[in-house]
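Structural description and commentary
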Amino acid sequence: MKELTRLIREDMKPALGVTEPGAIAFAAASARAHVQGEITKVKVALNSGMYKNAYTCGIPDSLHFGNLYAAALGAVAADAKKGLQSLADITDEDDAKAARMVECGMVEAVLDHIGSEITIDATVETEQDRCTVHIRDSHTHIVCVEKNGEKIYEEEVGKKTAGETESSGEVPVIHRYSLHEILGYVREVPAEEISFIREAFSMNQELLEEGIGSDRAVMTQCLLKDNGGGIVSKDALKTAQLMCNGAIEARVLGFGRPAMSITGSGAHGIIATMPLLAWYQAAGNGMDEAELLRAAALSYLITMYIKEYSGRLSAFCGCGIAAGTGMACGLAFMRGADEEAVGRVIRNMASGLTGMICDGGNHGCTMKGIVAVDAAFRAVELALEGACIGSIHGINGKTPEDTMRHMGMIASPGMVGTEKTIVEIMEQK
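Given the structure is predicted, the values throughout are model-derived calculations rather than measurements. (Residues numbered from 1 in each chain as written. Predicted model: local features only at pLDDT ≥ 70, side-chain atom pairs only at ≥ 80, totals over all residues. Heavy atoms only, no water.)

1. Thoughts on helix 5 (residues 92-103)
Between its first and last C-alpha, helix 5 extends 16 Å over twelve residues, near the 16 Å set by a 1.5 Å rise per residue. Within helix 5, burial applies to Asp-94, Asp-95, Ala-98, Ala-99, Met-101 and Val-102. Taken end-on, helix 5 shows its buried residues confined to a sector of 160°, consistent with a single buried face. Away from its buried face, by an angle of more than 90 degrees, helix 5 presents the exposed residues Asp-92, Glu-93 and Glu-103. Following helix 5 by one or two positions, Gly-105 adopts a phi angle in the positive range, close to 75°. (Helix = DSSP H or I, 4+ residues; strand = E, 2+ residues; numbered from the N terminus. Expected span 1.5 Å × (residues − 1). Buried < 20%, exposed > 50% of the residue type's maximum accessible area, 1.4 Å probe, protein only. Arc of directions from axis to C-beta.)

2. Quick notes on the pairing of strand 4 (residues 119-126)
Most of strand 4 is tucked away, with seven of its eight residues classed as buried. Pairing between strand 2 (residues 39-47) and strand 4: seven bridges, direction antiparallel. Note on strand 4: the bridge partner recorded for Val-42 is Val-124. Direction of pairing for strand 4 relative to strand 5 (residues 130-136): antiparallel, over a ladder of seven bridges. If you follow Thr-119 over to strand 5, its bridge partner there is Arg-136. Hairpin remark: strand 4 followed by strand 5, antiparallel, with three residues in the connecting loop. (Pairing = 2+ DSSP bridges.)

3. What to know about the side chain of Ser-314
Tracing the sequence through the fold places Ser-314 in the loop between helix 11 (289-310) and helix 12 (318-334). With a relative accessible area of 6%, Ser-314 lands in the buried category. Here Phe-316 takes part through its backbone nitrogen, which lies 3.3 Å from a polar atom of the side chain of Ser-314. Other than its neighbours up to four places away in sequence, Ser-314 contacts Lys-52, Ser-116, Cys-358, Ala-411 and Glu-419. (Polar contact = N/O pair within 3.5 Å; in protein donor to acceptor, adjacent residues only side chain to side chain. Contact = heavy atoms within 4.5 Å.)

4. Topic: the sheet that holds strand 7 (residues 150-154)
The strand order across the open sheet built from six strands is 3-2-4-5-6-7, with neighbouring strands paired in mixed fashion. Pairing within the sheet leaves two strands with one partner each, and these edge strands are strand 3 (107-113) and strand 7. The mean inter-strand angle of the sheet, taken between neighbouring strand axes irrespective of direction, is 15°. One ladder, built from five bridges, connects strand 5 with strand 6 (residues 142-147); its direction is antiparallel. Counted as the bridge partner of Ile-135 is Ile-142 from strand 6. Across the sheet, helix 2 (residues 19-32) touches strand 2, strand 4, strand 5 and strand 6, and the angle it forms with strand 4 is around 40°. (Axes fitted to C-alpha atoms, helices over the stretch in contact; angles between N-to-C directions.)

5. Re the side chain of Lys-307
Its location among the elements puts Lys-307 in helix 11. For Lys-307, which is buried and forms no salt bridge, the nearest opposite charge comes from Glu-20, at a distance of 8.1 Å. Within the structure, the side chain of Lys-307 is placed 2.8 Å from the backbone oxygen of Arg-312, a separation counted as a polar contact. When near neighbours in sequence (up to four residues on either side) are disregarded, Lys-307 contacts Thr-263, His-268, Arg-312, Gly-318 and Ala-322. (Lys, Arg positive; Asp, Glu negative; His and termini not counted. Salt bridge = Lys/Arg side-chain N within 4 Å of Asp/Glu carboxyl O.)

6. Remarks on the environment of Gly-330
Note that Gly-330 resides in helix 12. For Gly-330, a relative accessible area of 0% corresponds to the buried category. A sequence separation of twelve residues divides Gly-330 from Val-342, and the C-alpha atoms of the two residues are 8.7 Å apart. Excluding residues that lie within four positions of it along the chain, Gly-330 makes contacts with Leu-276, Ala-295 and Leu-298.

7. Some words on the state of the cysteines
Applying the stated rule across the entire model yields zero disulfides. As a non-bridged cysteine, Cys-317 has Cys-319 as the owner of its nearest cysteine sulfur, 4.7 Å distant. Unpaired in this structure, Cys-358 has its nearest cysteine sulfur neighbour in Cys-317, at a distance of 6.1 Å. (Disulfide = S-S within 2.5 Å.)

8. With respect to unusual backbone geometry
Look at the link from Ser-412 to Pro-413: it is a cis peptide, with omega at 15°. Positive phi, close to 75°, is recorded for Asp-137, a residue that is not glycine. Relative to the elements of secondary structure, Asp-137 occurs in the loop between strand 5 and strand 6. Here the phi dihedral of Asn-148 falls at roughly 50°; this positive angle occurs in a residue that is not glycine. Structurally, Asn-148 can be placed in the loop between strand 6 and strand 7.

9. Some words on the environment of Leu-331
Along the chain, Leu-331 falls in helix 12. Under the relative-accessibility criterion, Leu-331 is labelled buried at 1%. Counting along the chain gives 127 residues from Leu-331 to Asn-204, while the straight-line C-alpha distance between them is 18 Å. If sequence neighbours within four positions are ignored, Leu-331 has contacts with Leu-276, Trp-279, Phe-377 and Val-380.

10. Examining the pattern of salt bridges
In the structure shown here, the tally under the stated rule is 17 salt bridges. As a salt-bridge pair, Glu-108 and Lys-41 come within 3.5 Å of each other at their nearest N and O atoms. Of the two residues, Glu-108 is situated in strand 3 and Lys-41 in strand 2; the sequence distance between them amounts to 67 residues. In this structure, Glu-291 and Arg-294 form a salt bridge, with 3.7 Å as the shortest nitrogen-oxygen distance. One end of the pair is Glu-291 and the other is Arg-294, both in helix 11 and three residues apart, which spans about a single turn. Taken together, the salt bridges that share partners define one network made up of Glu-206, Glu-210 and Arg-257.

Below you can see the structure in the form of C-alpha coordinates.
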(Lines give C-alpha, C1' and ligand atoms only; values in the text may rest on other atoms or scores of the structure.)
Protein backbone atom coordinates (compact mmCIF):
# COMPACT_ATOMS: atom_id res chain seq x y z
CA MET A 1 0.00 0.00 0.00
CA LYS A 2 1.34 3.44 -0.91
CA GLU A 3 2.16 5.84 1.93
CA LEU A 4 -0.42 8.41 0.81
CA THR A 5 -3.10 5.73 0.58
CA ARG A 6 -2.32 4.71 4.15
CA LEU A 7 -2.46 8.36 5.26
CA ILE A 8 -5.94 8.77 3.82
CA ARG A 9 -7.19 5.43 5.14
CA GLU A 10 -5.99 6.13 8.69
CA ASP A 11 -7.50 9.63 8.70
CA MET A 12 -10.97 8.70 7.39
CA LYS A 13 -13.25 7.97 10.35
CA PRO A 14 -17.04 7.90 10.83
CA ALA A 15 -18.23 10.70 13.14
CA LEU A 16 -21.74 10.99 14.53
CA GLY A 17 -22.83 14.62 14.69
CA VAL A 18 -20.25 17.37 14.88
CA THR A 19 -16.94 15.85 15.92
CA GLU A 20 -16.34 18.02 18.97
CA PRO A 21 -19.48 17.03 20.97
CA GLY A 22 -18.66 13.43 20.09
CA ALA A 23 -15.10 13.85 21.37
CA ILE A 24 -16.31 15.49 24.60
CA ALA A 25 -18.80 12.67 25.15
CA PHE A 26 -16.09 10.10 24.40
CA ALA A 27 -13.77 11.70 26.97
CA ALA A 28 -16.45 11.82 29.67
CA ALA A 29 -17.51 8.23 28.93
CA SER A 30 -13.90 7.09 29.14
CA ALA A 31 -13.56 8.69 32.58
CA ARG A 32 -16.92 7.28 33.72
CA ALA A 33 -15.73 3.76 32.89
CA HIS A 34 -13.15 3.95 35.72
CA VAL A 35 -15.41 5.07 38.59
CA GLN A 36 -18.05 3.41 40.74
CA GLY A 37 -21.25 4.85 42.19
CA GLU A 38 -23.61 7.69 41.32
CA ILE A 39 -22.11 10.65 39.49
CA THR A 40 -21.85 13.83 41.53
CA LYS A 41 -19.80 16.05 39.20
CA VAL A 42 -18.65 16.18 35.57
CA LYS A 43 -16.10 18.74 34.36
CA VAL A 44 -14.45 19.20 30.98
CA ALA A 45 -11.61 21.64 30.32
CA LEU A 46 -11.17 22.40 26.61
CA ASN A 47 -8.91 24.32 24.28
CA SER A 48 -10.64 27.20 22.50
CA GLY A 49 -11.30 25.29 19.29
CA MET A 50 -13.01 22.43 21.12
CA TYR A 51 -14.92 24.82 23.38
CA LYS A 52 -16.11 26.99 20.48
CA ASN A 53 -16.95 24.23 18.02
CA ALA A 54 -19.28 22.42 20.40
CA TYR A 55 -20.70 25.54 22.06
CA THR A 56 -24.06 25.62 20.23
CA CYS A 57 -23.75 22.40 18.30
CA GLY A 58 -26.58 19.92 17.93
CA ILE A 59 -26.11 16.55 19.63
CA PRO A 60 -27.27 13.35 17.89
CA ASP A 61 -30.59 11.95 19.16
CA SER A 62 -30.90 14.77 21.69
CA LEU A 63 -33.00 17.92 21.89
CA HIS A 64 -30.06 19.78 23.44
CA PHE A 65 -27.00 21.65 22.26
CA GLY A 66 -23.49 22.36 23.40
CA ASN A 67 -20.61 21.47 25.69
CA LEU A 68 -22.54 20.85 28.91
CA TYR A 69 -24.99 18.40 27.40
CA ALA A 70 -22.28 16.59 25.42
CA ALA A 71 -20.33 16.09 28.65
CA ALA A 72 -23.41 15.05 30.62
CA LEU A 73 -24.55 12.55 27.99
CA GLY A 74 -21.03 11.21 27.77
CA ALA A 75 -21.00 10.50 31.48
CA VAL A 76 -24.55 9.15 31.57
CA ALA A 77 -24.87 6.95 28.54
CA ALA A 78 -22.13 7.18 25.89
CA ASP A 79 -20.19 4.11 24.84
CA ALA A 80 -16.50 4.98 24.74
CA LYS A 81 -15.76 1.85 22.71
CA LYS A 82 -17.51 3.50 19.76
CA GLY A 83 -15.11 6.45 19.65
CA LEU A 84 -16.59 9.43 17.82
CA GLN A 85 -19.87 7.53 17.53
CA SER A 86 -20.08 7.16 21.31
CA LEU A 87 -23.52 8.82 21.40
CA ALA A 88 -25.06 6.43 18.87
CA ASP A 89 -27.37 4.62 21.31
CA ILE A 90 -28.62 7.25 23.76
CA THR A 91 -32.31 7.14 24.64
CA ASP A 92 -34.90 9.76 25.61
CA GLU A 93 -34.40 8.69 29.21
CA ASP A 94 -30.66 9.29 28.91
CA ASP A 95 -31.32 12.72 27.42
CA ALA A 96 -33.66 13.63 30.27
CA LYS A 97 -31.18 12.43 32.91
CA ALA A 98 -28.37 14.45 31.34
CA ALA A 99 -30.63 17.53 31.26
CA ARG A 100 -31.37 17.16 34.98
CA MET A 101 -27.64 16.98 35.72
CA VAL A 102 -27.06 20.20 33.79
CA GLU A 103 -30.01 21.94 35.46
CA CYS A 104 -28.70 20.94 38.90
CA GLY A 105 -25.27 22.44 38.21
CA MET A 106 -23.49 19.08 38.21
CA VAL A 107 -21.77 19.70 34.86
CA GLU A 108 -19.09 22.27 34.10
CA ALA A 109 -17.32 23.14 30.84
CA VAL A 110 -14.43 25.60 30.97
CA LEU A 111 -12.17 27.24 28.41
CA ASP A 112 -8.68 26.09 29.33
CA HIS A 113 -6.65 28.14 26.83
CA ILE A 114 -6.66 29.71 23.39
CA GLY A 115 -5.06 27.28 20.95
CA SER A 116 -5.60 25.29 17.75
CA GLU A 117 -4.27 21.94 19.00
CA ILE A 118 -6.89 19.68 20.56
CA THR A 119 -6.91 19.30 24.34
CA ILE A 120 -9.66 17.75 26.49
CA ASP A 121 -9.40 17.05 30.21
CA ALA A 122 -12.57 15.25 31.32
CA THR A 123 -13.21 14.54 35.00
CA VAL A 124 -16.03 12.43 36.42
CA GLU A 125 -16.57 12.31 40.17
CA THR A 126 -18.70 10.03 42.33
CA GLU A 127 -18.90 9.69 46.11
CA GLN A 128 -16.27 6.96 45.84
CA ASP A 129 -13.97 7.88 42.96
CA ARG A 130 -12.55 10.62 40.81
CA CYS A 131 -11.12 9.98 37.34
CA THR A 132 -9.64 12.36 34.76
CA VAL A 133 -8.98 11.45 31.14
CA HIS A 134 -6.51 13.60 29.18
CA ILE A 135 -6.86 13.81 25.38
CA ARG A 136 -4.29 15.51 23.16
CA ASP A 137 -3.68 16.22 19.46
CA SER A 138 -6.65 14.31 18.01
CA HIS A 139 -10.22 13.85 19.14
CA THR A 140 -9.91 10.40 20.69
CA HIS A 141 -6.19 10.23 21.50
CA ILE A 142 -6.00 9.47 25.23
CA VAL A 143 -2.51 10.17 26.58
CA CYS A 144 -3.15 9.78 30.31
CA VAL A 145 -5.78 8.52 32.77
CA GLU A 146 -5.66 9.48 36.46
CA LYS A 147 -7.83 7.81 39.10
CA ASN A 148 -7.96 9.01 42.69
CA GLY A 149 -4.69 10.88 42.29
CA GLU A 150 -2.74 8.06 40.62
CA LYS A 151 -1.92 7.52 36.97
CA ILE A 152 -3.46 4.25 35.82
CA TYR A 153 -2.48 4.77 32.18
CA GLU A 154 0.12 6.91 30.47
CA GLU A 155 1.05 6.72 26.82
CA GLU A 156 4.54 5.60 26.01
CA VAL A 157 6.91 8.42 25.10
CA GLY A 158 7.38 8.56 21.35
CA LYS A 159 4.16 6.74 20.51
CA LYS A 160 2.11 8.53 17.89
CA THR A 161 -1.28 8.27 16.22
CA ALA A 162 -2.12 8.54 12.56
CA GLY A 163 -1.16 11.91 11.14
CA GLU A 164 1.01 12.93 14.08
CA THR A 165 4.74 13.46 13.94
CA GLU A 166 7.19 12.07 16.45
CA SER A 167 8.28 15.52 17.55
CA SER A 168 7.22 19.07 16.93
CA GLY A 169 10.24 19.57 14.68
CA GLU A 170 9.50 16.66 12.33
CA VAL A 171 7.92 17.41 8.96
CA PRO A 172 4.38 15.95 8.72
CA VAL A 173 4.06 13.14 6.21
CA ILE A 174 1.85 15.09 3.82
CA HIS A 175 4.33 17.99 3.71
CA ARG A 176 7.03 15.68 2.42
CA TYR A 177 5.17 15.61 -0.89
CA SER A 178 4.91 18.35 -3.51
CA LEU A 179 1.76 19.01 -5.51
CA HIS A 180 3.52 17.40 -8.46
CA GLU A 181 4.10 14.23 -6.44
CA ILE A 182 0.56 14.21 -5.04
CA LEU A 183 -0.88 14.48 -8.54
CA GLY A 184 1.44 11.73 -9.71
CA TYR A 185 0.18 9.47 -6.93
CA VAL A 186 -3.46 10.29 -7.73
CA ARG A 187 -2.99 9.42 -11.41
CA GLU A 188 -1.03 6.23 -10.79
CA VAL A 189 -2.51 4.62 -7.66
CA PRO A 190 -4.53 1.50 -8.53
CA ALA A 191 -8.24 2.22 -8.26
CA GLU A 192 -8.76 -0.85 -6.08
CA GLU A 193 -6.25 0.51 -3.56
CA ILE A 194 -8.42 3.56 -2.92
CA SER A 195 -11.78 1.80 -3.35
CA PHE A 196 -12.40 2.23 0.40
CA ILE A 197 -13.19 5.88 -0.34
CA ARG A 198 -16.56 4.69 -1.68
CA GLU A 199 -17.67 4.34 1.93
CA ALA A 200 -17.36 8.10 2.38
CA PHE A 201 -19.77 8.74 -0.47
CA SER A 202 -22.33 6.20 0.73
CA MET A 203 -22.15 7.32 4.36
CA ASN A 204 -22.46 11.02 3.52
CA GLN A 205 -25.30 10.24 1.07
CA GLU A 206 -27.29 8.54 3.84
CA LEU A 207 -26.78 11.59 6.05
CA LEU A 208 -28.00 13.83 3.20
CA GLU A 209 -31.15 11.75 2.82
CA GLU A 210 -31.80 12.08 6.55
CA GLY A 211 -31.74 15.87 6.13
CA ILE A 212 -33.96 15.82 3.06
CA GLY A 213 -36.57 13.89 5.06
CA SER A 214 -36.78 16.45 7.88
CA ASP A 215 -38.55 19.80 8.04
CA ARG A 216 -35.92 20.92 10.56
CA ALA A 217 -33.38 21.11 7.75
CA VAL A 218 -34.71 24.39 6.40
CA MET A 219 -31.71 25.19 4.17
CA THR A 220 -31.86 21.72 2.66
CA GLN A 221 -35.51 22.16 1.73
CA CYS A 222 -34.66 25.40 -0.08
CA LEU A 223 -31.73 23.81 -1.91
CA LEU A 224 -33.91 20.83 -2.85
CA LYS A 225 -36.54 23.14 -4.31
CA ASP A 226 -33.87 25.09 -6.18
CA ASN A 227 -32.64 21.82 -7.69
CA GLY A 228 -36.05 20.99 -9.11
CA GLY A 229 -37.17 18.76 -6.25
CA GLY A 230 -34.66 15.99 -6.90
CA ILE A 231 -31.26 15.14 -5.47
CA VAL A 232 -29.60 15.13 -8.90
CA SER A 233 -30.43 17.49 -11.75
CA LYS A 234 -28.67 18.56 -14.93
CA ASP A 235 -27.29 21.57 -13.03
CA ALA A 236 -24.07 20.33 -11.40
CA LEU A 237 -23.66 23.38 -9.15
CA LYS A 238 -27.18 23.20 -7.74
CA THR A 239 -26.81 19.45 -7.29
CA ALA A 240 -23.51 20.01 -5.47
CA GLN A 241 -25.04 22.64 -3.21
CA LEU A 242 -27.81 20.27 -2.20
CA MET A 243 -25.70 17.14 -1.79
CA CYS A 244 -22.96 18.89 0.16
CA ASN A 245 -24.89 21.27 2.34
CA GLY A 246 -27.89 19.07 2.94
CA ALA A 247 -25.49 16.61 4.56
CA ILE A 248 -23.77 19.39 6.53
CA GLU A 249 -27.08 20.74 7.84
CA ALA A 250 -28.18 17.28 8.97
CA ARG A 251 -24.87 16.87 10.75
CA VAL A 252 -24.82 20.16 12.64
CA LEU A 253 -28.45 19.80 13.70
CA GLY A 254 -27.60 16.48 15.33
CA PHE A 255 -29.40 14.02 13.08
CA GLY A 256 -28.76 10.37 13.87
CA ARG A 257 -26.42 9.26 11.08
CA PRO A 258 -22.64 9.62 10.92
CA ALA A 259 -20.53 11.53 8.40
CA MET A 260 -17.21 10.28 7.12
CA SER A 261 -14.70 12.68 8.61
CA ILE A 262 -11.29 13.74 7.37
CA THR A 263 -8.72 15.65 9.47
CA GLY A 264 -11.03 15.03 12.43
CA SER A 265 -14.05 16.82 10.94
CA GLY A 266 -17.25 15.48 9.44
CA ALA A 267 -17.94 18.75 7.62
CA HIS A 268 -14.46 18.65 6.10
CA GLY A 269 -15.18 15.13 4.92
CA ILE A 270 -18.54 16.15 3.43
CA ILE A 271 -17.19 19.19 1.57
CA ALA A 272 -14.18 17.22 0.33
CA THR A 273 -16.37 14.55 -1.29
CA MET A 274 -20.02 15.39 -1.95
CA PRO A 275 -19.59 18.11 -4.62
CA LEU A 276 -17.35 15.67 -6.49
CA LEU A 277 -20.07 13.02 -6.35
CA ALA A 278 -22.54 15.66 -7.55
CA TRP A 279 -20.37 16.50 -10.56
CA TYR A 280 -19.91 12.80 -11.33
CA GLN A 281 -23.66 12.17 -11.25
CA ALA A 282 -24.87 15.39 -12.85
CA ALA A 283 -22.18 16.12 -15.43
CA GLY A 284 -19.87 13.10 -15.55
CA ASN A 285 -21.28 11.82 -18.87
CA GLY A 286 -20.17 8.25 -18.34
CA MET A 287 -16.97 9.08 -16.46
CA ASP A 288 -15.23 6.05 -14.97
CA GLU A 289 -15.82 5.73 -11.21
CA ALA A 290 -12.06 5.42 -10.79
CA GLU A 291 -11.75 9.10 -11.73
CA LEU A 292 -14.16 10.01 -8.93
CA LEU A 293 -12.12 8.03 -6.44
CA ARG A 294 -8.89 9.65 -7.64
CA ALA A 295 -10.44 13.11 -7.40
CA ALA A 296 -11.59 12.39 -3.84
CA ALA A 297 -8.09 11.20 -2.91
CA LEU A 298 -6.65 14.47 -4.27
CA SER A 299 -9.29 16.45 -2.39
CA TYR A 300 -8.45 14.69 0.87
CA LEU A 301 -4.70 15.17 0.47
CA ILE A 302 -4.94 18.90 -0.29
CA THR A 303 -7.26 19.29 2.71
CA MET A 304 -4.69 17.53 4.91
CA TYR A 305 -1.87 19.63 3.48
CA ILE A 306 -3.51 22.91 4.52
CA LYS A 307 -4.82 21.60 7.85
CA GLU A 308 -1.37 20.50 8.99
CA TYR A 309 -0.38 24.16 8.91
CA SER A 310 -3.56 25.61 10.40
CA GLY A 311 -4.02 23.10 13.23
CA ARG A 312 -7.04 20.85 13.73
CA LEU A 313 -9.19 23.57 15.33
CA SER A 314 -8.71 27.29 14.84
CA ALA A 315 -10.48 30.57 14.11
CA PHE A 316 -10.57 30.00 10.38
CA CYS A 317 -13.16 27.83 8.66
CA GLY A 318 -11.16 24.79 7.67
CA CYS A 319 -14.32 23.31 6.14
CA GLY A 320 -14.59 26.10 3.61
CA ILE A 321 -10.93 26.96 3.19
CA ALA A 322 -9.00 23.70 3.49
CA ALA A 323 -11.66 21.19 2.40
CA GLY A 324 -13.12 23.68 -0.07
CA THR A 325 -9.71 24.07 -1.72
CA GLY A 326 -9.20 20.31 -1.71
CA MET A 327 -12.60 19.79 -3.29
CA ALA A 328 -11.90 22.47 -5.90
CA CYS A 329 -8.69 20.68 -6.87
CA GLY A 330 -10.58 17.39 -7.11
CA LEU A 331 -13.23 19.01 -9.27
CA ALA A 332 -10.56 20.49 -11.55
CA PHE A 333 -8.96 17.03 -11.82
CA MET A 334 -12.29 15.51 -12.89
CA ARG A 335 -12.54 18.19 -15.55
CA GLY A 336 -9.15 17.38 -17.02
CA ALA A 337 -7.00 20.05 -15.38
CA ASP A 338 -3.23 19.71 -15.64
CA GLU A 339 -0.82 20.54 -12.82
CA GLU A 340 -0.58 24.22 -13.75
CA ALA A 341 -4.36 24.56 -13.74
CA VAL A 342 -4.62 22.92 -10.33
CA GLY A 343 -2.07 25.44 -9.06
CA ARG A 344 -4.26 28.23 -10.44
CA VAL A 345 -7.25 26.77 -8.59
CA ILE A 346 -5.31 26.87 -5.32
CA ARG A 347 -4.35 30.53 -5.85
CA ASN A 348 -7.93 31.49 -6.68
CA MET A 349 -9.25 29.78 -3.56
CA ALA A 350 -6.52 31.30 -1.37
CA SER A 351 -7.37 34.76 -2.65
CA GLY A 352 -11.10 34.37 -2.17
CA LEU A 353 -11.91 32.34 0.94
CA THR A 354 -9.00 32.51 3.37
CA GLY A 355 -10.61 35.09 5.66
CA MET A 356 -13.68 32.99 6.46
CA ILE A 357 -13.97 32.57 10.24
CA CYS A 358 -15.04 29.54 12.24
CA ASP A 359 -17.56 30.47 14.93
CA GLY A 360 -18.14 26.91 16.05
CA GLY A 361 -19.87 23.83 14.73
CA ASN A 362 -23.41 25.09 14.29
CA HIS A 363 -26.19 25.75 11.80
CA GLY A 364 -24.06 28.47 10.22
CA CYS A 365 -21.74 25.80 8.83
CA THR A 366 -24.42 25.17 6.22
CA MET A 367 -24.11 28.73 4.92
CA LYS A 368 -20.33 28.53 4.93
CA GLY A 369 -20.57 25.34 2.90
CA ILE A 370 -22.81 27.07 0.37
CA VAL A 371 -20.22 29.84 -0.03
CA ALA A 372 -17.38 27.33 -0.35
CA VAL A 373 -19.11 25.33 -3.09
CA ASP A 374 -19.88 28.49 -5.06
CA ALA A 375 -16.28 29.66 -4.69
CA ALA A 376 -14.85 26.30 -5.71
CA PHE A 377 -16.93 26.00 -8.87
CA ARG A 378 -16.02 29.57 -9.86
CA ALA A 379 -12.33 29.09 -9.03
CA VAL A 380 -12.20 26.01 -11.24
CA GLU A 381 -14.02 27.67 -14.15
CA LEU A 382 -11.57 30.58 -14.10
CA ALA A 383 -8.52 28.34 -13.71
CA LEU A 384 -9.54 26.17 -16.65
CA GLU A 385 -9.74 29.35 -18.74
CA GLY A 386 -6.19 30.20 -17.66
CA ALA A 387 -7.31 32.95 -15.27
CA CYS A 388 -6.11 33.22 -11.67
CA ILE A 389 -4.83 35.68 -9.09
CA GLY A 390 -1.09 36.07 -9.61
CA SER A 391 1.51 34.78 -7.19
CA ILE A 392 2.72 38.31 -6.36
CA HIS A 393 -0.65 39.25 -4.89
CA GLY A 394 -1.76 38.89 -1.29
CA ILE A 395 -0.89 35.64 0.48
CA ASN A 396 -0.31 33.68 -2.72
CA GLY A 397 3.13 32.10 -2.88
CA LYS A 398 5.58 31.38 -5.66
CA THR A 399 4.56 27.72 -5.56
CA PRO A 400 1.29 25.92 -4.73
CA GLU A 401 3.01 24.52 -1.64
CA ASP A 402 3.86 28.04 -0.45
CA THR A 403 0.30 29.21 -1.05
CA MET A 404 -1.16 26.35 0.98
CA ARG A 405 1.35 27.00 3.77
CA HIS A 406 0.37 30.67 3.83
CA MET A 407 -3.33 29.73 3.99
CA GLY A 408 -2.65 27.63 7.06
CA MET A 409 -0.52 30.30 8.68
CA ILE A 410 -3.44 32.73 8.56
CA ALA A 411 -5.17 30.47 11.05
CA SER A 412 -2.25 29.63 13.28
CA PRO A 413 -0.62 31.74 14.50
CA GLY A 414 -2.41 34.47 12.53
CA MET A 415 -5.92 34.27 14.02
CA VAL A 416 -5.24 33.49 17.68
CA GLY A 417 -6.62 36.90 18.68
CA THR A 418 -9.67 36.32 16.47
CA GLU A 419 -10.32 33.02 18.21
CA LYS A 420 -10.37 34.79 21.59
CA THR A 421 -12.80 37.41 20.31
CA ILE A 422 -15.14 34.81 18.82
CA VAL A 423 -15.30 32.90 22.11
CA GLU A 424 -15.92 36.12 24.06
CA ILE A 425 -18.81 37.04 21.75
CA MET A 426 -20.37 33.59 22.13
CA GLU A 427 -20.09 33.67 25.92
CA GLN A 428 -21.58 37.17 26.14
CA LYS A 429 -24.69 36.09 24.24
